[in-house]
Amino acid sequence: FVVPVAEVDDPETLTRRIAQVAETHNILRVKGFTAVAGKPMRLLIQAVGPRVSHYYDRAWQPSEDRQGSVVVIGLKGLDRDAVTKSLAE
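Residues numbered from 1 in each chain as written. Predicted model: local features only at pLDDT ≥ 70, side-chain atom pairs only at ≥ 80, totals over all residues. Heavy atoms only, no water.

### Remarks on the nonpolar core
Grouped burial of nonpolar side chains is what soluble globular proteins tend to show.
Point 1. By size, the foremost hydrophobic cluster in this structure holds 18 residues, and its most contacted members are Ile18, Ile27, Val70, Val72, Val83 and Leu87.
Point 2. Contributions of two or more residues to this core are made by β1 (2-5), α1 (11-25), β2 (27-34), β3 (41-48), β5 (68-74) and α2 (80-88).
Point 3. Here this core gets four residues from one element, more than from any other, and that element is α1.
Point 4. Those residues in contact with Leu87, other than ones at most four positions away along the chain, are Val3, Arg17, Ile18, Val21, Val70 and Val72. (Core = buried A, V, L, I, M, F, W, Y, C linked by side-chain atoms within 4.5 Å. Buried < 20%, exposed > 50% of the residue type's maximum accessible area, 1.4 Å probe, protein only. Helix = DSSP H or I, 4+ residues; strand = E, 2+ residues; numbered from the N terminus. Contact = heavy atoms within 4.5 Å.)

Here it is, written out as structure tokens:
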């Protein structure tokens, strides 16, 4: 399922949160992107379990909304509401 991710101030805070949510909810994979305040490039995020990596992949296009999102993959029965709430904090 897809979770919207608002612009963040600190990429490290976001990656720690993703790692914690992945471990708590037994998430298999997370992949997506978001905007970072003051940065002209998208932050690409990838996680396998609690191992998270991130890097800037390309500049935001003038026509793009700086709204990010991540795709969350887990086992059947994953608590979507809890994961979404945790990632949106």
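### Remarks on the pattern of salt bridges
When charged atoms on two side chains of opposite charge get close, those side chains can pair.
Point 1. One pass over the structure, following the stated rule, counts three salt bridges.
Point 2. The closest approach of N and O atoms between Asp57 and Arg42, which form a salt bridge, is 2.6 Å. You can see Asp57 sitting in strand β4 (residues 51-59) and its partner Arg42 sitting in strand β3, a full 15 residues away along the chain.
Point 3. Overall, Asp57 belongs to the partly exposed group, its relative accessible area being 30%.
Point 4. Arg42 sits in the buried class, given a relative accessible area of 11%.
Point 5. Across the pair Glu64 and Arg58 runs a salt bridge, and its minimum N-O distance is 2.7 Å. (Salt bridge = Lys/Arg side-chain N within 4 Å of Asp/Glu carboxyl O.)

### Topic: the pairing of β3
Point 1. Within β3, six of the eight residues are buried, which leaves it mostly tucked inside the rest of the structure.
Point 2. Looking at chain direction, β2 and β3 are connected through six bridges and run antiparallel. Residue Lys31 lies in a different strand from β3, and its bridge partner there is Gln46.
Point 3. Pairing of β3 with β4, which is carried by seven bridges, proceeds in the antiparallel orientation. Considered in β4, the bridge of Ile45 is made with His54.
Point 4. With antiparallel pairing between neighbouring strands as the criterion, β3 and β4 make up a hairpin whose turn holds two residues, including Gly49 at a positive phi of roughly 60 degrees. (Pairing = 2+ DSSP bridges.)

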